[in-house]
Each structure stands twice: as C-alpha cells, then as structure tokens.
Amino acid sequence: MKVGVLALQGGVVEHVHMLKEAAKKLGIDVEVVEVRKKEHLDGLRAIVLPGGESTAMYRLGKRLGIAEPLKDLLLEGVPALGTCAGAALVAKKVIDAQSNKEYTPLLGVMDVEVIRNYFGRQRESFEADLEISGIGEFRGIFIRAPAIRPLSNSVEILATFKGVGVMAKQGSLMITSFHPELTSNTKIHEKLLQMAL
Amino acid sequence: MLLSNRDKLVEVGFDAIATFFYKLAEISDKLKEEGLWTYLPDPSELREKVATGTVRVKLGFPVYQKGGVIMDVTNVEQAQTAEDAGAVAVMVLDKLPYDIRKAGGVARMADVNVIKEVMDSISLPVMAKVRIGHFMEARVLEALGVDMIDESEVLTPADEKHHINKWQFKVPFVNGARNLGEALRRISEGASMIRTKGEAGTGNVAEAVRHMKTVMGELRQLITMPEEDRVLKAREMGVSYELVELTVRLQRLPVVNFAAGGIATPADAALMMWLGADGVFVGSGIFKSQDPRQRAEAIVLATSLWMDPEAVLEAQKMISERKSMMGIDIRQLKPEELLQVRGE
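Residues numbered from 1 in each chain as written. Chains lettered and ligands numbered in written order. Predicted model: local features only at pLDDT ≥ 70, side-chain atom pairs only at ≥ 80, totals over all residues. Heavy atoms only, no water.

- If you look chain B up in an unreviewed UniProt entry, it shows as Pyridoxal 5'-phosphate synthase subunit PdxS from Ignicoccus pacificus DSM 13166.
- The annotation that UniProt attaches to chain B under Pathway (unreviewed entry) is "Cofactor biosynthesis; pyridoxal 5'-phosphate biosynthesis."
- Taken from UniProt, the Sequence similarities (unreviewed entry) comment for chain B reads in full: "Belongs to the PdxS/SNZ family." (UniProt positions renumbered as here; feature names shortened; annotations may be inferred.)

- Looking at an unreviewed UniProt entry, chain A carries the name Pyridoxal 5'-phosphate synthase subunit PdxT, with the source organism given as Ignicoccus pacificus DSM 13166.
- According to the UniProt record, the Subunit (unreviewed entry) comment for chain A reads "In the presence of PdxS, forms a dodecamer of heterodimers. Only shows activity in the heterodimer."

Considering the sheet that holds strand β3 (residues 89-92) of chain B
All names here are of chain B.
Point 1. Strand order in this open sheet of 8 strands is β8-β7-β6-β5-β4-β3-β2-β9, and the pairing throughout is parallel. Strand pairing shows two members of the sheet lacking a second neighbour, β8 (256-258) and β9 (280-282), which therefore form its edges. Ignoring strand direction, the axes of neighbouring strands in this sheet form an average angle of 30 degrees.
Point 2. As defined by bridge partners, strand β4 (residues 126-131) adjoins strand β5 (residues 148-152) across 5 bridges and the pair is classed as parallel. The residue of β5 that forms the bridge with Ala-128 is Ile-149.
Point 3. Against the sheet, helix α11 (residues 180-188) contacts β6 (173-177) and β7 (193-196), and its axis sits at roughly 160 degrees relative to β6. (Pairing = 2+ DSSP bridges. Helix = DSSP H or I, 4+ residues; strand = E, 2+ residues; numbered from the N terminus. Axes fitted to C-alpha atoms, helices over the stretch in contact; angles between N-to-C directions. Contact = heavy atoms within 4.5 Å.)

Some details on the interface of chain B and chain A
Point 1. Contacts between the two partners involve 54 residues from chain B and, on the opposite side, 46 residues from chain A.
Point 2. In total, about 4000 Å² of surface goes out of reach between chain B and chain A, with carbon and sulfur atoms giving 54% of it.
Point 3. Where chain B meets chain A, there are 7 salt bridges.
Point 4. Here Glu-127 of chain A and Arg-56 of chain B are joined by a salt bridge, their closest N and O atoms 3.9 Å apart. (Buried area = accessible area lost by both parts, 1.4 Å probe. Salt bridge = Lys/Arg side-chain N within 4 Å of Asp/Glu carboxyl O.)

Structural notes on the environment of His-134 of chain B
Residue and element names in this part refer to chain B.
Point 1. Inspection of the secondary structure assignment puts His-134 in the loop between β4 and α10 (135-144).
Point 2. On the basis of relative accessibility, which here comes to 22%, the residue His-134 falls in the partly exposed class.
Point 3. Separated by 25 residues in the primary sequence, His-134 and Met-109 place their C-alpha atoms 9.5 Å from one another.
Point 4. Once residues lying within four places of it in the same chain are set aside, the contact partners of His-134 are Ala-158 and Ile-164.
Point 5. Within the structure, the side chain of His-134 is placed 3.1 Å from the backbone nitrogen of Glu-137, a separation counted as a polar contact. (Buried < 20%, exposed > 50% of the residue type's maximum accessible area, 1.4 Å probe, protein only. Polar contact = N/O pair within 3.5 Å; in protein donor to acceptor, adjacent residues only side chain to side chain.)

Quick notes on the packing of helix α9 (residues 112-121) of chain B against α10 of chain B
Residues and elements named next belong to chain B.
Point 1. Close contact between α9 and α10 brings their axes to 11 Å; oriented N to C, the two are set at 30 degrees. Judged by the inter-axis angle, α9 sits roughly parallel to α10. Two packed elements cross with a definite hand, and for α9 against α10 that hand is right-handed. Contacts from Val-112, Ile-115, Lys-116 and Met-119 in α9 reach Val-140, Leu-141 and Leu-144 in α10.
Point 2. Of the residues that constitute the contact of α9 with α10, the class distribution is 6 nonpolar, no polar and 1 charged. (Parallel < 35°, antiparallel > 145°, perpendicular 65-115°, else oblique. Left-handed = near helix turned anticlockwise from the far one by under 90°. Nonpolar A, V, L, I, M, F, W, Y, C, P; charged D, E, K, R; others polar.)

Structural data, given as structure tokens:
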C-alpha cells in the first residue's frame, strides 16, 4: 500500500518514521512517498499533511499546482491525517488567534474552523496527557498549537484539552492540533492506515 | 553521501532523540566534574500533567521550520513581505548584517518595541538575536515572548569566554557553528538548533559552504572512527561521549541544522540544501537586493524543491542577477572584520 506525506516544508521525516513503525505494528506492507509534485499523488491510499508554517505551505502548494489534485484526492475519500499546520490546510475556515485575521485555506475540505496559535506562542508551547476517544491515553505535544472548532454535526471531536477541541474526525479526514509524530505512540498513525485498508 | 545524512532521523524517530536529551541532562553530574555543565533538570518537567518549555517542546519547534526560509527583517513592512513570500519565520534585527558591517561600533539586541510590533503584525514565529553570552538580553527576549533566540556572532559578543547556559530557558535557542566541535558544544549548552556561521552580510556563500562541508566531513570521519578514537575526539571537542555516540548513531547532528551567512540567490539556497542543510536563513540577501519581493519568494521555492533543478531554474528566473546585492569578497576583509571567529 502506498501512503504519502506532503513534503513541501516542515516535519516530514518524523511522519515517515511513524508511518513505517505503525505499518510494522499492524504487520502490513507500506511504501511511504514524500509528495512534492502532483505526480507523487498517483495511487496513494492515505496521506499525512504534516506540521510546518501553513502560510509557507499555502504559497508553495498554490505555486506548484498541488492544491487542486490534492483536494480532489481528499474529496474522493482517501484518508488523511493533518497535524497542526496540516489541520489548517484542510479546514474550511482558518483564523489567527491574535490578529483575528482570516486566512484562505489551501484545501478547505473539512467542516472545521482552525484557530491558529490559539494556545499561544512558543513560550507557551506545552505537553499534556490527553484522552482520545477510541485510542485512549496519549501524550500531546503542543507547539504554537491551534484549536479546532466544528462547523457541522458530522464532525466528531475525538479529544479536548481544557474544553477546547484538539483532535477531530469527519469521514475520512482526521486532524490534530498536537504532534503525535514527536512521541513514540503510533496509535494515531495506525488508525490512519486502518482507515486506508 | 551528503544527501543521505539528512534522512537518518527516519530510522530513529524524534522520540528517541528527545529521550536522549532528557538522559543527557541526567548525566550532568559527570559533566559538571569536567566543568562543562551546571544545569540540573527540574524533575517535575517529566512528571507534570501540563508542562511548558520542556526539552521535547524546545527541540520540536525547529522541526517545523525544516525545508523553509527564515528571513532577516528590520521592520513591520519587511516582515509582512516575508510572510507573503512564504517565509517560515522572521529574524528581527536593528540593522541587516551588511549595514552592521558598514556601521561598525557595538551591535546589540534589536529595539524591543520593533520586535513587539513585528510579533503583533504577523502570524509567523518571530526570532531575534542576542549577543554571545548576554544572559540578560536573552531573559528580556524570553519575557517579551519571542519564539526563538539566536545567540549570534553577528552582534558584538558580551562574553569573550562563555556562551549562555541555554538549558535555563523555556525559549529554544539557535547557535552558529563552523565545525562539528562548535556545533556539539552549543548543543551541550542547550541549543535546540544549529546553523552554519558563514560570513554574514557579505552576500558570499563560500564560507557557509566551507562550514557545512566541514561539519559533514567531520561527521563522516567520526562515523568511521574506532570507538577508542571517538572517546578521544569527544574529549578534544569538549563534549560528552554520549553526545558523540548519538551523533554517530544518527549519522547527522542530533538537532535541526540550517545554513546561514552569505546566501543571496535561490541557487545559493538550493546549494546549501544539497550540502545537507535542513533549511536556510537569509540575512542581507533579500532586503539588500533591488528585488526583495520576488527574491524572497524565489528563495522559498528553491529551498523547498532544491532537488529539482527545473524548480530551481524557475526560481532563478524570478530574479535578476543585476538586482542581487553586490557582495563582499571575504579575502578583502581584514581578520578583525570577520564575524565567524567570534565565540568558539
């Protein structure tokens, strides 16, 4: 099974590692592709949209013509996991917590609002234990992390921190505002692969 | 060979590295005997339910800058240009390195009011420089809330002998290095990210190339050395053997490693990526050129797609060589004008 990691910028190799580890645990054969051009999207059964700077990824995604084919892929129902800035790429609405400025989302396919830098700047970045429904306890690493707010009933909030949504799922799309790839817990990546099987 | 270094993290994963740094903090007693270390980690960091400024969070921050361009800016307008062009962060300075060179005198931390204005105007992470060894400038920037501190040789060093003990901060630090020893010493002091020093403000990439190649070359030597020689090498570099072993296991620096100093064109940026950099800092190269907007965007494109010559060509087409900064030949600088020799 071919699985992609969007590799425009950001924490790419960390996700590649986690996907390989998750595949080992599930005992399945997975080839991980770093996606830099639209041709790399061919035949993908799942894709990870990693953390990075969403404004940088937006610029690159538009310029390289990867946005439209990637959007089509997600609309076809190919499972995706967006972490941190990756969540901002799939959200229908993106605003910045400090300036309230609204940003145009790159893909805009998930009925959620992502509030960038909701948990503050790097100084406020933190770790906390989370309880994820269907997965259980998980160490959440939050780095200049966004908050997630559902915009429709079909969005399921899978985890909250202090009452704020930090993980959500709608159909084949799953997003987190924390970084599972910075831990050694592969459960979220396993879930993505299981959705693709 | 150079190319493969970058991806060695894939075989180990971030968690193993973060765990190592926690362990490295535990062996501090041994290091203290050698006079290298005075930090004792707060054990509550590991136990607490919610913890800020942990080793993991500090090492994690630069991970998300990889493949990106961090741009030097001196005001809000330039910061906005950087954000629009797709920069991953901005570095706020009082003067661009080129102007620091021209102006002479003592170069200090930027005006905190300007840094604050930039922080309020864009959504990108904001970094700022402090003088080498200037603990209080760093405390001030931490209180202000900047996202990363660059303890930089571009400013006039405040302490000729010591660097800041960066373990004591909740904000991550980036440090310059010219060789593997410098890089590992800075990591031992708590740096979460390393960059080449290059020769800032010259628009000449030669020194950054030299520094990146030196680090990579020394890494290769270290990997092929017998263990007993590595023990010796660790002592020679003044770092713990454990850190040397981790570096060998990863076959790369254990923290994110950027290129900096003299990058002026998209091809320069792509060259540094090809040599094994995880991303680039561009200082005077953008806002000392005549076409900062196009150049900023072109460098972002070339940094992300460095492995694709057609994309780099596309990026080069966006700029004009006539509009590049003039640049300075390093051989024409007097020894006392070199910035890279500050802080070893």
